[in-house]
Amino acid sequence: MSDSTHHSQFAENSQSCAPAVSVSNLHMSYGSFEVLKGIDAEAAEGSVTSIIGASGSGKSTFLRCMNLLEQPKEGRLEIAGETVEFAYSDKGRPVPVCKQVTRNLRTRVSMVFQQFNLWPHFTVLGNVTEVPIHIQGVSRKEAIERAEYYLEKVGMSDKRDQYPAYLSGGQQQRVAIARALATEPDVMLFDEPTSALDPELVGEVLNVIRSLAEDGRTMLLVTHEMRFAREVSNQILFLHQGQIEESGTPEDVFENPSSERCQQFLSSIIH
Amino acid sequence: MGQRTSAAPKKGKKTLHGYQSEGLADWAGPLLQGTLTTLEIALAAYAIGILLGLMGALAKLGKVRVLAVIASAYSTIVRAVPELLLIIILFYAGTQALTALMNALGTDGRTEVSGFVAAIAVLAFVQGAYMTEVFRGAILAIPKGQLEAADAYGMTAFMKFRRITVPAMLPNALSGMSNLWLILIKDTALVSVVGFEELFFTAQQAAASTNKYFTFYAIAGVTYLMLTMASNAVFSKAEKLARHGQARS
Ligand SMILES: Nc1ncnc2c1ncn2[C@@H]1O[C@H](COP(=O)(O)OP(=O)(O)OP(=O)(O)O)[C@@H](O)[C@H]1O
Ligand SMILES: [Mg+2]
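Heads up: these notes are all about the structure in this document. Worth saying up front: this structure is predicted, and the values here are computed from it rather than measured.

Some thoughts on helix α6 (residues 157-187) of chain B
One full turn of an α-helix is made of 3.6 residues, so residues set three or four places apart face in the same direction. Along its 31 residues, α6 of chain B runs just 35 Å from first to last C-alpha, ending more than 12% under the 45 Å computed at 1.5 Å per residue. Taking the largest bend as the criterion, α6 of chain B deviates by roughly 55°, centred on P171 of chain B.

This is the structure:
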(Lines give C-alpha, C1' and ligand atoms only; values in the text may rest on other atoms or scores of the structure.)
(Ligands and ions follow the chains in the order given, each with its own letter.)
Protein backbone atom coordinates (compact mmCIF):
# COMPACT_ATOMS: atom_id res chain seq x y z
CA MET A 1 0.00 0.00 0.00
CA SER A 2 1.24 3.49 -0.82
CA ASP A 3 0.59 5.14 2.54
CA SER A 4 3.83 3.95 4.03
CA THR A 5 6.10 6.48 2.31
CA HIS A 6 6.83 8.30 5.55
CA HIS A 7 6.94 5.25 7.73
CA SER A 8 10.00 4.04 9.58
CA GLN A 9 12.06 1.14 8.39
CA PHE A 10 10.30 -1.04 10.88
CA ALA A 11 6.96 -0.25 9.37
CA GLU A 12 8.24 -0.78 5.87
CA ASN A 13 9.22 -4.32 6.74
CA SER A 14 5.61 -5.15 7.36
CA GLN A 15 4.40 -3.32 4.28
CA SER A 16 3.94 -6.37 2.14
CA CYS A 17 1.47 -7.85 4.56
CA ALA A 18 -0.39 -4.61 5.27
CA PRO A 19 -3.98 -5.07 4.15
CA ALA A 20 -5.32 -2.90 1.34
CA VAL A 21 -8.70 -2.89 2.99
CA SER A 22 -9.39 -3.27 6.65
CA VAL A 23 -12.80 -3.00 8.24
CA SER A 24 -13.64 -3.34 11.88
CA ASN A 25 -16.91 -3.39 13.74
CA LEU A 26 -18.80 -1.81 10.84
CA HIS A 27 -22.44 -0.99 11.58
CA MET A 28 -24.84 0.45 9.05
CA SER A 29 -28.57 1.12 9.27
CA TYR A 30 -31.30 2.39 6.99
CA GLY A 31 -33.37 4.33 9.48
CA SER A 32 -33.95 1.98 12.38
CA PHE A 33 -33.30 -1.12 10.27
CA GLU A 34 -29.80 -2.38 10.95
CA VAL A 35 -28.36 -3.88 7.77
CA LEU A 36 -24.75 -4.44 8.79
CA LYS A 37 -24.26 -5.65 12.33
CA GLY A 38 -20.58 -5.34 13.04
CA ILE A 39 -18.46 -6.47 10.13
CA ASP A 40 -14.77 -7.28 10.57
CA ALA A 41 -12.80 -8.09 7.46
CA GLU A 42 -9.47 -7.59 5.77
CA ALA A 43 -8.29 -7.87 2.20
CA ALA A 44 -4.61 -8.15 1.35
CA GLU A 45 -3.13 -5.99 -1.34
CA GLY A 46 -3.42 -7.66 -4.72
CA SER A 47 -6.05 -10.11 -3.52
CA VAL A 48 -9.51 -10.87 -4.76
CA THR A 49 -12.27 -11.09 -2.18
CA SER A 50 -15.69 -12.37 -3.18
CA ILE A 51 -18.70 -11.55 -1.08
CA ILE A 52 -21.53 -14.06 -1.33
CA GLY A 53 -24.82 -14.49 0.44
CA ALA A 54 -28.56 -14.55 0.03
CA SER A 55 -30.52 -11.62 -1.36
CA GLY A 56 -30.96 -8.94 1.25
CA SER A 57 -28.06 -10.14 3.37
CA GLY A 58 -26.30 -6.77 2.99
CA LYS A 59 -23.70 -7.49 0.29
CA SER A 60 -24.36 -4.35 -1.74
CA THR A 61 -24.61 -2.25 1.38
CA PHE A 62 -21.25 -3.53 2.57
CA LEU A 63 -19.64 -2.77 -0.79
CA ARG A 64 -21.19 0.70 -0.89
CA CYS A 65 -19.76 1.46 2.52
CA MET A 66 -16.28 0.88 1.06
CA ASN A 67 -16.50 4.08 -1.02
CA LEU A 68 -18.88 5.83 1.39
CA LEU A 69 -21.89 5.77 -0.93
CA GLU A 70 -23.52 4.63 2.28
CA GLN A 71 -22.23 5.98 5.52
CA PRO A 72 -21.81 3.52 8.36
CA LYS A 73 -22.90 4.61 11.82
CA GLU A 74 -20.11 3.01 13.68
CA GLY A 75 -16.82 1.31 13.10
CA ARG A 76 -13.61 1.90 11.25
CA LEU A 77 -12.61 1.66 7.61
CA GLU A 78 -9.09 1.71 6.24
CA ILE A 79 -8.90 1.74 2.49
CA ALA A 80 -6.60 3.22 -0.16
CA GLY A 81 -4.50 4.99 2.45
CA GLU A 82 -7.45 6.72 4.12
CA THR A 83 -8.67 5.86 7.57
CA VAL A 84 -12.20 6.77 8.48
CA GLU A 85 -13.76 6.36 11.91
CA PHE A 86 -17.52 6.47 12.04
CA ALA A 87 -19.32 7.78 15.07
CA TYR A 88 -22.70 8.91 16.30
CA SER A 89 -23.38 12.51 17.13
CA ASP A 90 -25.20 13.46 20.35
CA LYS A 91 -28.46 13.29 18.42
CA GLY A 92 -27.87 9.68 17.46
CA ARG A 93 -27.10 10.48 13.83
CA PRO A 94 -23.85 9.50 12.15
CA VAL A 95 -21.29 12.29 12.06
CA PRO A 96 -20.74 13.13 8.37
CA VAL A 97 -17.34 12.25 6.98
CA CYS A 98 -15.28 15.23 5.79
CA LYS A 99 -16.08 15.88 2.13
CA GLN A 100 -12.44 16.15 1.16
CA VAL A 101 -11.64 12.78 2.71
CA THR A 102 -14.65 11.27 0.94
CA ARG A 103 -13.55 12.62 -2.43
CA ASN A 104 -9.93 11.54 -1.92
CA LEU A 105 -11.06 8.08 -1.06
CA ARG A 106 -13.42 7.87 -4.02
CA THR A 107 -10.77 8.81 -6.55
CA ARG A 108 -8.78 5.80 -5.40
CA VAL A 109 -11.55 3.27 -4.91
CA SER A 110 -13.48 2.76 -8.11
CA MET A 111 -16.77 1.00 -8.55
CA VAL A 112 -18.35 -1.12 -11.28
CA PHE A 113 -22.14 -1.28 -11.04
CA GLN A 114 -24.67 -3.94 -11.87
CA GLN A 115 -26.43 -1.53 -14.26
CA PHE A 116 -23.13 -0.23 -15.78
CA ASN A 117 -24.20 3.40 -15.21
CA LEU A 118 -22.19 4.82 -18.07
CA TRP A 119 -22.87 8.49 -18.78
CA PRO A 120 -25.09 8.47 -21.88
CA HIS A 121 -24.06 11.87 -23.25
CA PHE A 122 -20.36 10.98 -23.47
CA THR A 123 -18.81 8.64 -26.00
CA VAL A 124 -16.97 5.55 -24.80
CA LEU A 125 -13.74 7.56 -24.80
CA GLY A 126 -15.47 10.45 -23.01
CA ASN A 127 -16.70 8.12 -20.29
CA VAL A 128 -13.24 6.70 -19.71
CA THR A 129 -11.39 10.05 -19.74
CA GLU A 130 -13.96 12.01 -17.69
CA VAL A 131 -12.66 11.23 -14.22
CA PRO A 132 -8.92 11.42 -15.01
CA ILE A 133 -9.32 14.79 -16.74
CA HIS A 134 -11.90 16.52 -14.60
CA ILE A 135 -11.29 15.06 -11.18
CA GLN A 136 -7.75 13.80 -11.11
CA GLY A 137 -6.29 16.67 -13.12
CA VAL A 138 -4.55 14.46 -15.66
CA SER A 139 -3.73 16.16 -18.97
CA ARG A 140 -6.08 15.43 -21.85
CA LYS A 141 -3.31 13.78 -23.83
CA GLU A 142 -2.30 11.46 -21.03
CA ALA A 143 -5.94 10.68 -20.20
CA ILE A 144 -6.57 9.63 -23.78
CA GLU A 145 -3.47 7.44 -23.76
CA ARG A 146 -4.66 5.84 -20.54
CA ALA A 147 -8.13 5.35 -21.94
CA GLU A 148 -6.79 3.74 -25.10
CA TYR A 149 -4.65 1.41 -23.04
CA TYR A 150 -7.51 0.25 -20.84
CA LEU A 151 -10.04 0.07 -23.67
CA GLU A 152 -7.59 -2.21 -25.41
CA LYS A 153 -7.37 -4.27 -22.24
CA VAL A 154 -11.14 -4.82 -22.13
CA GLY A 155 -11.31 -5.30 -25.90
CA MET A 156 -13.34 -2.17 -26.65
CA SER A 157 -10.84 -0.07 -28.63
CA ASP A 158 -12.86 -0.20 -31.82
CA LYS A 159 -15.89 1.36 -30.11
CA ARG A 160 -14.12 4.37 -28.63
CA ASP A 161 -16.21 6.95 -30.50
CA GLN A 162 -19.53 5.16 -30.00
CA TYR A 163 -22.20 6.24 -27.52
CA PRO A 164 -23.11 3.77 -24.75
CA ALA A 165 -26.71 3.35 -25.95
CA TYR A 166 -25.39 1.72 -29.11
CA LEU A 167 -23.50 -1.01 -27.23
CA SER A 168 -24.63 -4.38 -25.90
CA GLY A 169 -24.82 -4.87 -22.14
CA GLY A 170 -21.58 -6.84 -22.08
CA GLN A 171 -19.82 -4.14 -24.07
CA GLN A 172 -21.17 -1.43 -21.79
CA GLN A 173 -19.95 -3.29 -18.74
CA ARG A 174 -16.50 -3.71 -20.27
CA VAL A 175 -16.39 0.04 -20.93
CA ALA A 176 -17.49 0.62 -17.32
CA ILE A 177 -14.57 -1.54 -16.21
CA ALA A 178 -12.23 0.51 -18.41
CA ARG A 179 -13.65 3.67 -16.81
CA ALA A 180 -12.87 2.20 -13.39
CA LEU A 181 -9.37 1.15 -14.44
CA ALA A 182 -8.52 4.50 -15.99
CA THR A 183 -8.62 6.16 -12.59
CA GLU A 184 -5.74 3.80 -11.65
CA PRO A 185 -7.47 2.85 -8.41
CA ASP A 186 -5.94 1.13 -5.38
CA VAL A 187 -9.07 -0.94 -4.90
CA MET A 188 -11.85 -1.93 -7.30
CA LEU A 189 -15.39 -2.72 -6.20
CA PHE A 190 -17.73 -4.83 -8.33
CA ASP A 191 -21.40 -5.15 -7.41
CA GLU A 192 -22.87 -8.10 -9.33
CA PRO A 193 -21.20 -6.99 -12.56
CA THR A 194 -22.81 -9.73 -14.65
CA SER A 195 -26.29 -9.95 -13.11
CA ALA A 196 -27.92 -7.60 -15.63
CA LEU A 197 -26.42 -9.41 -18.62
CA ASP A 198 -27.89 -11.95 -20.98
CA PRO A 199 -26.27 -15.35 -20.31
CA GLU A 200 -24.27 -15.32 -23.53
CA LEU A 201 -22.64 -11.99 -22.53
CA VAL A 202 -21.57 -13.02 -19.03
CA GLY A 203 -18.42 -14.78 -20.20
CA GLU A 204 -16.82 -11.77 -21.89
CA VAL A 205 -17.12 -9.68 -18.71
CA LEU A 206 -15.88 -12.48 -16.44
CA ASN A 207 -12.87 -12.92 -18.72
CA VAL A 208 -11.95 -9.28 -18.23
CA ILE A 209 -12.31 -9.55 -14.45
CA ARG A 210 -10.25 -12.74 -14.47
CA SER A 211 -7.42 -10.98 -16.31
CA LEU A 212 -7.49 -8.19 -13.72
CA ALA A 213 -7.21 -10.77 -10.96
CA GLU A 214 -4.18 -12.22 -12.71
CA ASP A 215 -2.64 -8.72 -12.85
CA GLY A 216 -2.87 -8.59 -9.06
CA ARG A 217 -5.56 -5.92 -8.73
CA THR A 218 -7.09 -5.58 -5.30
CA MET A 219 -10.75 -6.32 -5.86
CA LEU A 220 -13.89 -6.77 -3.80
CA LEU A 221 -16.53 -8.60 -5.79
CA VAL A 222 -20.17 -9.23 -4.98
CA THR A 223 -21.35 -12.06 -7.18
CA HIS A 224 -23.76 -14.90 -7.64
CA GLU A 225 -21.37 -16.65 -10.03
CA MET A 226 -20.10 -19.23 -7.56
CA ARG A 227 -17.86 -21.14 -9.95
CA PHE A 228 -16.18 -17.93 -10.96
CA ALA A 229 -15.81 -16.73 -7.36
CA ARG A 230 -14.21 -19.97 -6.42
CA GLU A 231 -11.83 -19.83 -9.34
CA VAL A 232 -10.52 -16.26 -9.03
CA SER A 233 -10.83 -15.43 -5.32
CA ASN A 234 -8.21 -15.54 -2.61
CA GLN A 235 -10.86 -15.05 0.02
CA ILE A 236 -14.60 -15.64 0.32
CA LEU A 237 -16.87 -13.82 2.73
CA PHE A 238 -20.30 -15.32 3.31
CA LEU A 239 -22.73 -12.70 4.56
CA HIS A 240 -25.88 -13.61 6.44
CA GLN A 241 -28.26 -11.02 7.87
CA GLY A 242 -25.62 -8.36 8.09
CA GLN A 243 -22.89 -10.48 9.61
CA ILE A 244 -20.00 -12.48 8.26
CA GLU A 245 -21.10 -15.98 8.96
CA GLU A 246 -18.25 -17.75 7.25
CA SER A 247 -14.96 -16.66 5.73
CA GLY A 248 -11.80 -18.17 4.39
CA THR A 249 -10.18 -19.46 1.25
CA PRO A 250 -12.48 -20.76 -1.50
CA GLU A 251 -11.59 -24.32 -0.50
CA ASP A 252 -12.54 -23.68 3.13
CA VAL A 253 -15.82 -22.01 2.35
CA PHE A 254 -17.01 -24.09 -0.58
CA GLU A 255 -15.82 -27.50 0.57
CA ASN A 256 -15.84 -27.43 4.35
CA PRO A 257 -18.19 -24.70 5.46
CA SER A 258 -18.53 -24.85 9.22
CA SER A 259 -21.67 -22.73 9.38
CA GLU A 260 -24.92 -24.52 8.77
CA ARG A 261 -26.40 -21.48 7.01
CA CYS A 262 -23.50 -21.36 4.62
CA GLN A 263 -23.99 -25.03 3.86
CA GLN A 264 -27.66 -24.43 3.19
CA PHE A 265 -26.94 -21.43 1.00
CA LEU A 266 -24.37 -23.29 -1.06
CA SER A 267 -26.53 -26.36 -1.54
CA SER A 268 -29.44 -24.16 -2.59
CA ILE A 269 -27.30 -22.45 -5.20
CA ILE A 270 -25.05 -25.19 -6.54
CA HIS A 271 -27.35 -27.73 -8.09
CA MET B 1 -42.21 53.74 -16.55
CA GLY B 2 -44.60 52.97 -19.33
CA GLN B 3 -43.87 56.10 -21.26
CA ARG B 4 -46.18 55.96 -24.23
CA THR B 5 -43.83 57.61 -26.63
CA SER B 6 -45.41 57.26 -29.99
CA ALA B 7 -44.08 54.69 -32.35
CA ALA B 8 -45.47 56.67 -35.26
CA PRO B 9 -43.13 57.08 -38.19
CA LYS B 10 -40.82 60.04 -37.91
CA LYS B 11 -41.02 60.78 -41.59
CA GLY B 12 -44.25 60.93 -43.56
CA LYS B 13 -46.21 63.93 -44.63
CA LYS B 14 -48.40 65.31 -41.93
CA THR B 15 -51.65 66.59 -43.38
CA LEU B 16 -54.66 67.66 -41.42
CA HIS B 17 -55.95 64.12 -41.73
CA GLY B 18 -52.51 62.67 -41.21
CA TYR B 19 -53.32 59.02 -41.08
CA GLN B 20 -54.73 58.91 -44.54
CA SER B 21 -51.39 59.47 -46.14
CA GLU B 22 -49.65 56.89 -43.98
CA GLY B 23 -49.20 53.44 -45.45
CA LEU B 24 -47.34 50.22 -45.08
CA ALA B 25 -44.06 51.76 -46.13
CA ASP B 26 -44.16 54.33 -43.34
CA TRP B 27 -44.78 51.66 -40.75
CA ALA B 28 -42.30 49.06 -42.01
CA GLY B 29 -39.48 50.53 -39.95
CA PRO B 30 -41.37 50.72 -36.65
CA LEU B 31 -42.78 47.23 -37.18
CA LEU B 32 -39.33 45.81 -37.75
CA GLN B 33 -38.14 47.64 -34.67
CA GLY B 34 -41.06 46.17 -32.73
CA THR B 35 -40.20 42.68 -33.94
CA LEU B 36 -36.60 43.12 -32.85
CA THR B 37 -37.73 44.37 -29.48
CA THR B 38 -40.03 41.37 -29.11
CA LEU B 39 -37.12 39.05 -29.87
CA GLU B 40 -34.82 40.90 -27.51
CA ILE B 41 -37.23 40.71 -24.59
CA ALA B 42 -38.03 37.10 -25.34
CA LEU B 43 -34.38 36.03 -25.54
CA ALA B 44 -33.41 37.84 -22.36
CA ALA B 45 -36.47 36.58 -20.47
CA TYR B 46 -35.81 33.05 -21.72
CA ALA B 47 -32.19 33.05 -20.57
CA ILE B 48 -33.11 34.36 -17.13
CA GLY B 49 -36.08 31.99 -17.00
CA ILE B 50 -33.74 29.05 -17.62
CA LEU B 51 -31.52 30.13 -14.74
CA LEU B 52 -34.53 30.59 -12.45
CA GLY B 53 -35.86 27.22 -13.57
CA LEU B 54 -32.56 25.43 -12.83
CA MET B 55 -32.43 27.01 -9.40
CA GLY B 56 -36.08 26.21 -8.78
CA ALA B 57 -35.68 22.59 -9.84
CA LEU B 58 -32.56 22.13 -7.70
CA ALA B 59 -34.31 23.73 -4.74
CA LYS B 60 -37.37 21.52 -5.17
CA LEU B 61 -35.28 18.35 -5.47
CA GLY B 62 -32.74 19.34 -2.82
CA LYS B 63 -32.58 18.49 0.82
CA VAL B 64 -32.94 22.01 2.21
CA ARG B 65 -36.56 22.21 3.35
CA VAL B 66 -36.90 26.01 3.30
CA LEU B 67 -35.66 26.29 -0.28
CA ALA B 68 -37.91 23.44 -1.41
CA VAL B 69 -40.94 25.16 0.11
CA ILE B 70 -40.08 28.52 -1.48
CA ALA B 71 -39.51 26.96 -4.90
CA SER B 72 -42.72 25.00 -4.60
CA ALA B 73 -44.75 28.08 -3.70
CA TYR B 74 -43.16 30.03 -6.55
CA SER B 75 -43.94 27.48 -9.25
CA THR B 76 -47.43 26.74 -7.91
CA ILE B 77 -48.58 30.33 -7.53
CA VAL B 78 -47.11 31.66 -10.76
CA ARG B 79 -48.59 28.79 -12.77
CA ALA B 80 -51.99 29.19 -11.13
CA VAL B 81 -52.55 32.91 -11.84
CA PRO B 82 -53.39 34.08 -15.39
CA GLU B 83 -50.32 35.51 -17.03
CA LEU B 84 -51.94 38.77 -18.03
CA LEU B 85 -52.92 39.40 -14.43
CA LEU B 86 -49.47 38.45 -13.21
CA ILE B 87 -47.82 40.79 -15.65
CA ILE B 88 -49.98 43.69 -14.56
CA ILE B 89 -49.53 42.88 -10.86
CA LEU B 90 -45.79 42.35 -11.11
CA PHE B 91 -45.30 45.41 -13.30
CA TYR B 92 -47.16 47.85 -11.08
CA ALA B 93 -46.26 46.19 -7.79
CA GLY B 94 -42.68 45.95 -8.96
CA THR B 95 -42.36 49.60 -9.87
CA GLN B 96 -44.12 50.66 -6.69
CA ALA B 97 -41.84 48.54 -4.58
CA LEU B 98 -38.85 49.97 -6.37
CA THR B 99 -40.10 53.50 -5.90
CA ALA B 100 -40.65 52.85 -2.21
CA LEU B 101 -37.20 51.38 -1.94
CA MET B 102 -35.60 54.32 -3.70
CA ASN B 103 -37.51 56.76 -1.51
CA ALA B 104 -36.41 54.89 1.57
CA LEU B 105 -32.85 55.17 0.33
CA GLY B 106 -33.34 58.91 0.11
CA THR B 107 -33.77 59.36 -3.62
CA ASP B 108 -36.57 61.78 -4.20
CA GLY B 109 -39.44 61.43 -6.57
CA ARG B 110 -40.83 58.72 -8.78
CA THR B 111 -38.57 55.99 -9.96
CA GLU B 112 -38.51 55.48 -13.66
CA VAL B 113 -38.29 51.79 -14.41
CA SER B 114 -37.33 51.14 -17.97
CA GLY B 115 -40.19 49.36 -19.70
CA PHE B 116 -37.66 47.09 -21.36
CA VAL B 117 -36.17 45.89 -18.09
CA ALA B 118 -39.59 45.53 -16.47
CA ALA B 119 -40.93 43.49 -19.37
CA ILE B 120 -37.96 41.13 -19.23
CA ALA B 121 -38.14 40.78 -15.47
CA VAL B 122 -41.84 39.98 -15.46
CA LEU B 123 -41.70 37.49 -18.33
CA ALA B 124 -38.60 35.80 -16.91
CA PHE B 125 -40.31 35.41 -13.55
CA VAL B 126 -43.23 33.64 -15.20
CA GLN B 127 -40.98 31.52 -17.42
CA GLY B 128 -38.88 30.47 -14.45
CA ALA B 129 -41.88 28.88 -12.77
CA TYR B 130 -42.68 26.73 -15.79
CA MET B 131 -39.00 25.94 -16.38
CA THR B 132 -38.76 24.77 -12.77
CA GLU B 133 -41.28 22.04 -13.53
CA VAL B 134 -39.75 21.13 -16.89
CA PHE B 135 -36.28 20.72 -15.34
CA ARG B 136 -37.54 18.95 -12.26
CA GLY B 137 -39.24 16.31 -14.38
CA ALA B 138 -36.25 16.01 -16.69
CA ILE B 139 -33.83 15.54 -13.80
CA LEU B 140 -36.08 12.96 -12.15
CA ALA B 141 -36.08 11.02 -15.43
CA ILE B 142 -32.29 10.51 -15.32
CA PRO B 143 -31.56 6.94 -14.19
CA LYS B 144 -30.40 7.23 -10.58
CA GLY B 145 -27.32 5.13 -11.21
CA GLN B 146 -25.81 7.66 -13.62
CA LEU B 147 -25.84 10.31 -10.92
CA GLU B 148 -24.60 7.82 -8.37
CA ALA B 149 -21.67 6.97 -10.63
CA ALA B 150 -20.71 10.65 -10.54
CA ASP B 151 -20.74 10.53 -6.73
CA ALA B 152 -18.87 7.24 -6.66
CA TYR B 153 -16.02 8.75 -8.69
CA GLY B 154 -15.66 11.72 -6.37
CA MET B 155 -17.32 14.52 -8.31
CA THR B 156 -18.25 17.60 -6.33
CA ALA B 157 -21.93 18.57 -6.35
CA PHE B 158 -21.28 21.42 -8.78
CA MET B 159 -19.24 19.32 -11.17
CA LYS B 160 -21.86 16.59 -11.11
CA PHE B 161 -24.51 19.17 -11.95
CA ARG B 162 -22.52 20.74 -14.76
CA ARG B 163 -20.98 17.63 -16.35
CA ILE B 164 -23.64 14.99 -15.74
CA THR B 165 -27.04 16.26 -14.56
CA VAL B 166 -27.52 19.08 -17.08
CA PRO B 167 -26.39 17.25 -20.23
CA ALA B 168 -28.15 14.03 -19.20
CA MET B 169 -31.47 15.77 -18.56
CA LEU B 170 -31.32 18.01 -21.63
CA PRO B 171 -32.85 15.48 -24.06
CA ASN B 172 -35.75 15.09 -21.60
CA ALA B 173 -36.14 18.84 -21.17
CA LEU B 174 -35.87 20.13 -24.72
CA SER B 175 -39.41 19.55 -25.91
CA GLY B 176 -40.76 21.29 -22.81
CA MET B 177 -38.26 24.09 -23.27
CA SER B 178 -39.24 24.60 -26.88
CA ASN B 179 -42.91 24.80 -25.91
CA LEU B 180 -42.08 27.42 -23.32
CA TRP B 181 -40.17 29.46 -25.87
CA LEU B 182 -43.15 29.50 -28.23
CA ILE B 183 -45.46 30.52 -25.40
CA LEU B 184 -42.98 33.20 -24.39
CA ILE B 185 -42.89 34.79 -27.84
CA LYS B 186 -46.64 35.13 -27.71
CA ASP B 187 -46.56 36.31 -24.09
CA THR B 188 -44.42 39.24 -25.14
CA ALA B 189 -47.63 40.62 -26.67
CA LEU B 190 -49.05 40.77 -23.15
CA VAL B 191 -46.50 43.35 -22.04
CA SER B 192 -48.10 45.74 -24.52
CA VAL B 193 -50.85 46.21 -21.91
CA VAL B 194 -48.39 48.10 -19.78
CA GLY B 195 -47.54 50.28 -22.74
CA PHE B 196 -44.45 48.63 -23.98
CA GLU B 197 -43.72 48.99 -27.67
CA GLU B 198 -43.07 45.56 -28.95
CA LEU B 199 -44.42 44.01 -32.13
CA PHE B 200 -48.05 43.79 -31.06
CA PHE B 201 -48.21 47.31 -29.62
CA THR B 202 -46.66 48.76 -32.76
CA ALA B 203 -49.09 46.86 -34.98
CA GLN B 204 -51.98 48.20 -32.90
CA GLN B 205 -50.73 51.73 -33.29
CA ALA B 206 -50.21 51.31 -36.99
CA ALA B 207 -53.67 49.86 -37.41
CA ALA B 208 -55.31 52.65 -35.45
CA SER B 209 -53.35 55.33 -37.14
CA THR B 210 -53.95 54.13 -40.71
CA ASN B 211 -57.35 52.54 -40.23
CA LYS B 212 -55.99 49.44 -41.98
CA TYR B 213 -56.82 47.06 -39.17
CA PHE B 214 -56.78 43.84 -41.12
CA THR B 215 -53.50 44.59 -42.87
CA PHE B 216 -51.53 45.39 -39.77
CA TYR B 217 -52.93 42.67 -37.54
CA ALA B 218 -52.33 40.18 -40.35
CA ILE B 219 -48.76 41.40 -40.66
CA ALA B 220 -48.30 40.94 -36.91
CA GLY B 221 -49.82 37.48 -37.09
CA VAL B 222 -47.58 36.40 -39.95
CA THR B 223 -44.54 37.79 -38.16
CA TYR B 224 -45.33 35.72 -35.04
CA LEU B 225 -45.80 32.70 -37.27
CA MET B 226 -42.42 33.24 -38.90
CA LEU B 227 -40.71 33.66 -35.55
CA THR B 228 -42.31 30.42 -34.43
CA MET B 229 -41.27 28.52 -37.51
CA ALA B 230 -37.71 29.75 -37.29
CA SER B 231 -37.62 28.75 -33.61
CA ASN B 232 -38.92 25.30 -34.41
CA ALA B 233 -36.09 24.81 -36.85
CA VAL B 234 -33.54 25.85 -34.24
CA PHE B 235 -35.04 23.63 -31.57
CA SER B 236 -35.27 20.53 -33.71
CA LYS B 237 -31.59 21.01 -34.52
CA ALA B 238 -30.80 21.39 -30.81
CA GLU B 239 -32.82 18.32 -29.97
CA LYS B 240 -30.93 16.31 -32.54
CA LEU B 241 -27.66 17.48 -30.99
CA ALA B 242 -28.75 16.74 -27.43
CA ARG B 243 -30.02 13.32 -28.38
CA HIS B 244 -26.84 12.19 -30.09
CA GLY B 245 -26.20 9.75 -27.25
CA GLN B 246 -29.60 8.12 -27.48
CA ALA B 247 -30.10 4.99 -29.44
CA ARG B 248 -32.05 4.83 -32.68
CA SER B 249 -35.74 3.90 -32.70
N1 LIG C 1 -32.00 2.56 0.40
C2 LIG C 1 -32.50 1.62 1.25
N3 LIG C 1 -33.41 1.98 2.18
C4 LIG C 1 -33.91 1.08 3.06
N5 LIG C 1 -33.55 -0.22 3.07
C6 LIG C 1 -32.65 -0.64 2.18
C7 LIG C 1 -32.07 0.26 1.21
N8 LIG C 1 -31.21 -0.43 0.45
C9 LIG C 1 -31.24 -1.69 0.90
N10 LIG C 1 -32.10 -1.83 1.94
C11 LIG C 1 -32.36 -3.06 2.70
O12 LIG C 1 -31.14 -3.48 3.26
C13 LIG C 1 -31.01 -4.89 3.20
C14 LIG C 1 -29.71 -5.27 2.53
O15 LIG C 1 -29.75 -4.80 1.19
P16 LIG C 1 -28.58 -5.07 0.16
O17 LIG C 1 -28.94 -4.36 -1.09
O18 LIG C 1 -27.29 -4.74 0.78
O19 LIG C 1 -28.70 -6.64 -0.05
P20 LIG C 1 -27.89 -7.57 -1.05
O21 LIG C 1 -27.23 -8.61 -0.23
O22 LIG C 1 -27.04 -6.77 -1.94
O23 LIG C 1 -29.08 -8.25 -1.87
P24 LIG C 1 -29.14 -8.64 -3.44
O25 LIG C 1 -28.43 -9.93 -3.60
O26 LIG C 1 -30.61 -8.78 -3.68
O27 LIG C 1 -28.54 -7.53 -4.22
C28 LIG C 1 -32.24 -5.40 2.48
O29 LIG C 1 -33.14 -5.91 3.43
C30 LIG C 1 -32.81 -4.20 1.80
O31 LIG C 1 -34.21 -4.28 1.75
MG1 LIG D 1 -27.11 -6.22 -4.04
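Continuing now.
Looking at the interface of chain B and chain A
Between chain B and chain A, the contact holds 21 residues from the first and 27 residues from the second. Here chain B packs against chain A, burying approximately 2200 Å² in sum over the two surfaces, 60% of which is carbon and sulfur. The largest contributions to the chain B side of the interface with chain A come from A152, Y153 and R163 of chain B, which together make up 32% of the buried area. If you look at where chain B meets chain A, you find 2 salt bridges. Residue R64 of chain A pairs with E148 of chain B through a salt bridge whose shortest N-O separation is 2.8 Å.

A look at the sheet that holds strand β7 (residues 187-191) of chain A
In a beta sheet, neighbouring strands pair by backbone hydrogen bonds and run either parallel or antiparallel. All names here are of chain A. The strand order across the open sheet formed by 6 strands is β6-β7-β8-β3-β9-β10, and the pairing between neighbours is mixed. Pairing within the sheet leaves two strands with one partner each, and these edge strands are β6 (109-112) and β10 (243-248). Each adjacent strand pair in this sheet contributes to an overall mean axis angle of 20°, direction not counted. Two elements, strand β3 (residues 48-53) and strand β8 (residues 219-222), share 4 bridges in a ladder whose sense is parallel. The residue bridging S50 from the neighbouring strand is L221, located in β8.

Here's the deal with the packing of helix α4 (residues 124-134) of chain A against helix α5 (residues 140-153) of chain A
Residues and elements named next belong to chain A. It is the contact of α4 with α5, at a shortest axis distance of 9 Å, that shows an interaxial angle of 125°. Classed by the angle they form, the pair α4 and α5 counts as oblique. Note that α4 runs across α5; the crossing there is right-handed. Each of V124, L125, V128, T129, P132 and I133 in α4 lies in contact with α5, whose residues at this interface are R140, A143, I144, R146, A147 and L151. In terms of residue class, the contact of α4 with α5 is built from 9 nonpolar, 1 polar and 2 charged.

What to know about the sheet that holds strand β5 (residues 82-86) of chain A
Residues and elements named next belong to chain A. In spatial order, the strands read β2-β1-β4-β5; together these 4 strands make up an open sheet with antiparallel pairing. Edge strands, defined here as strands with exactly one partner in the open sheet, are β2 (33-44) and β5. Along the sheet, successive strands turn relative to each other by an average axial angle of 15°, direction set aside. Strand direction decides the pairing type here: strand β4 (residues 74-79) and β5, joined by 5 bridges, are antiparallel. Residue L77 lies in a different strand from β5, and its bridge partner there is V84. Contacts between helix α2 (residues 59-66) and the sheet are confined to β1 (19-30), β2 and β4, with β1 contributing the most and set at about 120° to the helix.

Digging into the pairing of β10 of chain A
Residue and element names in this part refer to chain A. As paired strands, strand β9 (residues 235-240) and β10 are joined by 5 bridges and run antiparallel to one another. In the sheet register, I236 faces β10, and the bridge partner there is G248. Two successive antiparallel strands, β9 and β10, enclose a turn made up of 2 residues, where Q241 displays a positive phi of approximately 45°.

Thresholds, definitions, all that
Residues numbered from 1 in each chain as written. Chains lettered and ligands numbered in written order. Predicted model: local features only at pLDDT ≥ 70, side-chain atom pairs only at ≥ 80, totals over all residues. Heavy atoms only, no water. Helix = DSSP H or I, 4+ residues; strand = E, 2+ residues; numbered from the N terminus. Expected span 1.5 Å × (residues − 1). Bend = angle between axes of the 7 residues up to and from the residue. Contact = heavy atoms within 4.5 Å. Buried area = accessible area lost by both parts, 1.4 Å probe. Salt bridge = Lys/Arg side-chain N within 4 Å of Asp/Glu carboxyl O. Pairing = 2+ DSSP bridges. Axes fitted to C-alpha atoms, helices over the stretch in contact; angles between N-to-C directions. Parallel < 35°, antiparallel > 145°, perpendicular 65-115°, else oblique. Left-handed = near helix turned anticlockwise from the far one by under 90°. Nonpolar A, V, L, I, M, F, W, Y, C, P; charged D, E, K, R; others polar.

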